[in-house]
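# An overview of the molecular structure
Letter by letter, the chains look like this.
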Amino acid sequence: MHFTKHLLRLAVCGAMAVSMFLPNSLAVYQAQVNADALYLRQSPGGSIITTLSQGTTLAVLDNSSSWYKVAVNGREGYVSGEYLSGTQTENFTLGSAKIVCDTTVNFRSAPNTSCSVLASLPNGTIVNITGISNGWYKAAYNGKNGYISADYVSFSGTSSGSSASSTTQSVTSDATSSQRAKIVCDTTVNFRSQPNTSSRVLASLPNGTLVSVTGPNNGWYTATYNSMRGYLSADYVKLVDTSAVTQSSNAVAHNSTSEKRNAVITYAAQFLGIPYVYGGSTPSGFDCSGFTSYVFKNTVGSIPRVAQAQFNATTRVSMDELLPGDLVFFGSSASSISHVGIYVGGNQFIHSPHTGEVVKYDYLTGSYATRFQGGGRVIFD
């Protein structure tokens, strides 16, 4: 019996020890950039604020989607979470921040609510953040070093950094790389998690897909596609002239399309990572038809707001007739349309799927192919 209790106590302590190293999605934690360079953006997929170098330590404020909200160098922004890794570093400079509260916040001697209070800081107080410990900010204030609950600290409005640069830079993902390439194959090529044929398949890339690559090394390219980093066999990769690539950041390849069709799918790509919001029709959050109506309204012309109305108002085309910029509709029948997206080519479409998801690319396969009720053509060229 004593031995059983001892084992139980060890198991509980072990679980507690492991949990200390796992980031909590509801609490601030520290992470490092694991790409050569990473864009800090004003919003998910939005304007570029600055470029963060490899090894930069930052605070992750929210990791509930593929775009992480972070704080670094005295400002808040968004980065692709794919290019961050956890770190146990506690001491690093985050810059100035301000207290946001109703009255005052306790400035404590240790990162817990039972330790002594060094001072009570009123709303709006500016402090210098010097690190993170157990989900609390380390801070320096009035010659003292202490800790402040992350719930009452904001970096918004405290930085006087340079203005954001345009998103029209010709890049393909949030990790910069040296070369552009295209997939050359009969059907599709596996995009893998490691440079070997036994590793996990991240995606199947169709012929003509544009990717960003470095290498090759031992017959494999390190590649970035749709905000994912992985590996491609060099046998199916062909380098292309970067001067001929004009699509926007994170856009899927689309060749031989008209100016109007190109405008639709390029404009849509800038919202990759924006969260699904029921009833949403703005860049702060989209539902499926809110996304498609917003994209068309701001490119080639207004279409109805609701998916069924969009289906009824557009010209039917079959799956084989789809062109980039056409709408794709899904549902149990033509009179019961429940979802809509925008076809981008290569058997892919961009859409805002459902609660808990973000604007992303998907393939017209599986349940999407089964539920496909037809394409909708708005652009005639």
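Everything discussed here concerns the structure shown above.
So, here is what we can say about the structure in this document. (Residues numbered from 1 in each chain as written. Predicted model: local features only at pLDDT ≥ 70, side-chain atom pairs only at ≥ 80, totals over all residues. Heavy atoms only, no water.)

### What about the pattern of salt bridges?
Note the cut-off: Salt bridge, as used here: a side-chain nitrogen of Lys or Arg that lies within 4 Å of a carboxyl oxygen of Asp or Glu.
Applying the stated rule across the entire model yields six salt bridges. Linking Glu76 and Lys69 is a salt bridge whose minimum nitrogen-to-oxygen distance equals 3.6 Å. Salt bridges sharing partners connect three or more residues here, namely Arg261, Asp326 and Arg377.

### Remarks on the packing of helix α2 (residues 259-269) against helix α3 (residues 288-297)
Think of two packed helices as two axes; the pair is described by the angle between the axes and how far apart they sit. Quick note on the threshold: Only the stretch in contact is used when a helix axis is fitted, and all axes are lines through C-alpha atoms; the angle between N-to-C directions ranges over 0 to 180 degrees. Secondary structure follows DSSP: runs of H or I at least 4 residues long count as helices, runs of E at least 2 residues long count as strands, and numbering of each begins at the N terminus. Here the angle decides the label: under 35 degrees means roughly parallel, over 145 means roughly antiparallel, 65 to 115 means roughly perpendicular, and every other value means oblique. The sense of a crossing depends on the near helix, which, turned anticlockwise from the far helix by less than a right angle, makes the crossing left-handed and, turned clockwise, makes it right-handed. Contacts are residue-level and defined by heavy atoms, with any inter-residue pair within 4.5 Å sufficient.
Closest axis-to-axis distance for the α2/α3 pair is 9 Å, and the angle between their directions is 125°. Here α3 runs oblique to α2, going by the angle between their axes. The hand of the α2/α3 crossing is right-handed. Together, Val264, Tyr267 and Ala268 of α2 and Phe291, Tyr294, Val295 and Phe296 of α3 make up the contact between the two elements.

### A look at the sheet that holds strand β24 (residues 315-317)
Adjacent strands of a sheet pair through backbone hydrogen bonds, lying either parallel or antiparallel. So the rule is basically this: Strands pair, by our definition, only if DSSP identifies at least two bridges between them.
Here we have six strands laid out as an open sheet, ordered β24-β29-β25-β26-β27-β28, and antiparallel in their pairing. The two strands at the open ends of the sheet, each matched to only one other strand, are β24 and β28 (360-363). Each neighbouring strand pair of the sheet contributes to a mean axis angle of 40°, computed without reference to strand direction. Each of β26 (336-345), β27 (348-351), β28 and β29 (372-377) is contacted by α2, which is oriented at about 105° to β26, the strand it contacts most. In this fold α3 packs onto β25 (327-333), β26 and β27, with an angle of close to 45° to the strand it touches most, β26.

### Re the nonpolar core
Keep this limit in mind: What is meant by a nonpolar core is a set of buried Ala, Val, Leu, Ile, Met, Phe, Trp, Tyr and Cys residues, joined one to another through side-chain atoms within 4.5 Å. When accessible area is computed with a 1.4 Å probe and restricted to protein chains, residues below 20% of their type maximum are described as buried, those above 50% as exposed, and intermediate ones as partly exposed.
Phe291, Ile342 and Ile350 are the most contacted members of the largest nonpolar core, which totals 27 residues. Setting aside residues no more than four positions away along its own chain, Ile350 makes contact with Ala268, Ala269, Leu272, Phe291, Gly341, Ile342, Val344, Val359, Lys360 and Tyr361.

### Some points on the pairing of β26
Across a regular strand the side chains alternate sides, sitting on one face of the sheet and then on the other. In terms of burial, β26 is a largely internal element, eight of the 10 residues being buried. Pairing geometry for β25 and β26, over six bridges, is antiparallel. Paired with Val328 across the two strands is Gly341, which belongs to β26. Counting the residues in the hairpin turn of β25 and β26 gives two residues. Looking at chain direction, β26 and β27 are connected through three bridges and run antiparallel. Paired with Ile342 across the bridge in β27 is Ile350.

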